[in-house]
Amino acid sequence: MPYTPDNELDLLFPAEYIPTDVKEQLHSDLHIRPLASTDYRRGHLSVLSVLTVVTDPGEDAWVAQFNLWKSALHTYYGIVIVDKASDRIVAVGTIFVERKFLRGLGSVGHIEDIAVDERQQGKKLGLRVIQALTRISENSGCYKTILNCSDKNIPFYEKCGYQKKENEMAKYA
Ligand code: ACO
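Residues numbered from 1 in each chain as written. Predicted model: local features only at pLDDT ≥ 70, side-chain atom pairs only at ≥ 80, totals over all residues. Heavy atoms only, no water.

Chemist: So what exactly am I meant to see when it comes to the overall build of the chain here?
Modeler: Helix and strand counts for the chain stand at six helices and five strands. In the chain, the succession of helices and strands from N to C terminus is α-β-α-α-β-β-α-β-α-β-α. For the chain, the C-alpha radius of gyration of 16 Å lies close to 16 Å, the compact-globule estimate for 173 residues. Taken over the C-alpha atoms alone, the chain extends approximately 45 × 40 × 35 Å along its principal axes. (Helix = DSSP H or I, 4+ residues; strand = E, 2+ residues; numbered from the N terminus. Rg over C-alpha atoms; globule rule 2.2 N^0.38 Å.)

Chemist: Please explain the site of the ligand as it appears in this structure.
Modeler: Taken together, 22 residues form the shell around the ligand, and within it Ile114, Val116, Lys124, Leu127 and Asn153 come nearest. Within the contact set of the ligand, an oxygen atom lies 2.9 Å away from a backbone nitrogen or oxygen of Gly122. Expressed as a share of its isolated accessible area of 980 Å², the protein-covered part of the ligand is 74%. Placement of the ligand is best described as lying within the largest pocket. Every element with two or more residues in the shell around the ligand is listed here: β4 (107-116), α5 (125-139) and α6 (154-159). Among the elements that take part in the shell around the ligand, β4 stands out by supplying five residues, more than any other. Per-class residue counts for the shell around the ligand are 12 nonpolar, five polar and five charged. (Near = heavy atom within 4 Å. Polar contact = N/O pair within 3.5 Å; in protein donor to acceptor, adjacent residues only side chain to side chain. Areas by Shrake-Rupley, 256 points an atom, 1.4 Å probe, with all protein chains shown as cover. 1 Å grid on protein atoms, 1.4 Å probe; cavity = no way out; pocket = protein on both sides within 12 Å on 5 of 7 lines; lining within 4 Å. Sits in = over half its atoms within 2 Å of the grid points. Nonpolar A, V, L, I, M, F, W, Y, C, P; charged D, E, K, R; others polar.)

Chemist: Whenever I open this one, the layout of surface pockets confuses me. Can you help?
Modeler: Picture a little ball the size of a water molecule; that probe, rolled over the atoms, points out where space is still empty. Approximately 1,500 Å³ is the volume attributed to the largest pocket. As for the largest pocket, its lining consists of 50 residues, and the residues nearest its centre are Leu51, Glu112, Asp113, Ile114 and Ala115. Among the elements of the structure, α2 (44-48), α3 (59-71), β2 (76-83), β3 (88-99), β4, α5 and α6 are those that each provide at least two residues to the lining of the largest pocket. Ranked by residue count, the leading element in the lining of the largest pocket is β4, at seven residues. (Points joined across faces, edges and corners; volume = space filled by probe spheres on them.)

Chemist: Even after reading the chapter, I still don't get the nonpolar core, so can you show me in this structure?
Modeler: Within soluble globular proteins, side chains that are nonpolar tend to cluster in buried spots. Ile32, Ile79, Ile81 and Leu125 are the most contacted members of the largest nonpolar core, which has 39 residues in total. Residue assignment for this core shows that the elements contributing at least two residues are β1 (30-34), α2, α3, β2, β3, β4 and α5. A total of seven residues in this core trace back to one element, the largest contributor, which is α5. If sequence neighbours within four positions are ignored, Ile32 has contacts with Ile18, Val22, Lys23, Leu26, Ile79, Val80, Ile81, Arg128 and Ala132. (Core = buried A, V, L, I, M, F, W, Y, C linked by side-chain atoms within 4.5 Å. Buried < 20%, exposed > 50% of the residue type's maximum accessible area, 1.4 Å probe, protein only. Contact = heavy atoms within 4.5 Å.)

Chemist: Please explain the pairing of β4 as it appears in this structure.
Modeler: Within β4, eight of the 10 residues are buried, which leaves the element mostly enclosed by the surrounding structure. Pairing between β3 and β4: eight bridges, direction antiparallel. Residue Thr94 lies in a different strand from β4, and its bridge partner there is Glu112. Sheet topology places β4 next to strand β5 (residues 142-146); four bridges connect them, and they run parallel. Residue Gly109 lies in a different strand from β5, and its bridge partner there is Thr145. Crossover handedness for the path β4 to α5 to β5: right-handed. (Pairing = 2+ DSSP bridges. Right-handed = clockwise from strand over helix to strand, strands pointing away.)

Chemist: How should the packing of aromatic side chains be read in this particular structure?
Modeler: We describe a pair of aromatic rings using the distance from one ring centre to the other and the angle between the two ring planes. According to the stated counting rule, one finds eight aromatic pairs in the structure shown. Summarising the aromatic geometry, the rings of Phe13 and Tyr17 are spaced 5.7 Å apart at their centres and angled 35° between planes, so their arrangement reads as tilted. Look at Phe13 and you get buried, because its relative accessible area is 6%. In this structure Tyr17 comes out as partly exposed when scored by relative accessible area, which is 35%. With a centroid separation of 5.0 Å and an interplanar angle of 75°, the aromatic rings of Phe13 and Tyr77 are classed as edge-to-face. (Phe/Tyr/Trp six-rings, centres within 6.5 Å; stacked < 30°, edge-to-face > 60°.)

In structure tokens:
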């Protein structure tokens, strides 16, 4: 099935927020765009499962979560890379904009849930996702963009221009 053009989709945010130069650096077989309300059907959860355990909530609950993200204005920016020939998702990533009271009501961009389909890894798709999310963060006025990752992924994020700083703490419920 050929890919669905952006203007036929209910997108999470305007497609123009994705930098043109990042779009142009992708192979012509691929397309990068905001998450769409029908992406449950394009394998969104299957790509995310490369990262961690994913429990399928069903399409209705998935769409309800999409709508919750969309209703929180200027906060959630989920993006996907789609294989044009199959209209299937091959890479995903999110930036969440946190608004603070410090630093003159400054904002921080949190990069979350980066995953590339196993068959497509090593082709710079992860890099393009991070480049797009970082620019969205900076264009949203964030004074910094941060993320947590395993030691194994440190070299990848260094290639994306990030540096190791401080430590992560976690307490699971
Ligand atoms: N070790 C060393 N270098 C690496 C690694 C690694 N583990 N992964 C990528 N790189 C390098 C590549 O060689 C490339 O270098 P080059 O420019 O010199 O050629 C550069 O980083 C960019 O790599 P990409 O091809 O863009 O990487 P890819 O598309 O495979 O995406 C990712 C990387 C996202 C880590 C992918 O492998 C993946 O989905 N892994 C499983 C899920 C995961 O761990 N996600 C990240 C969780 S952290 C978070 O979500 C905030």
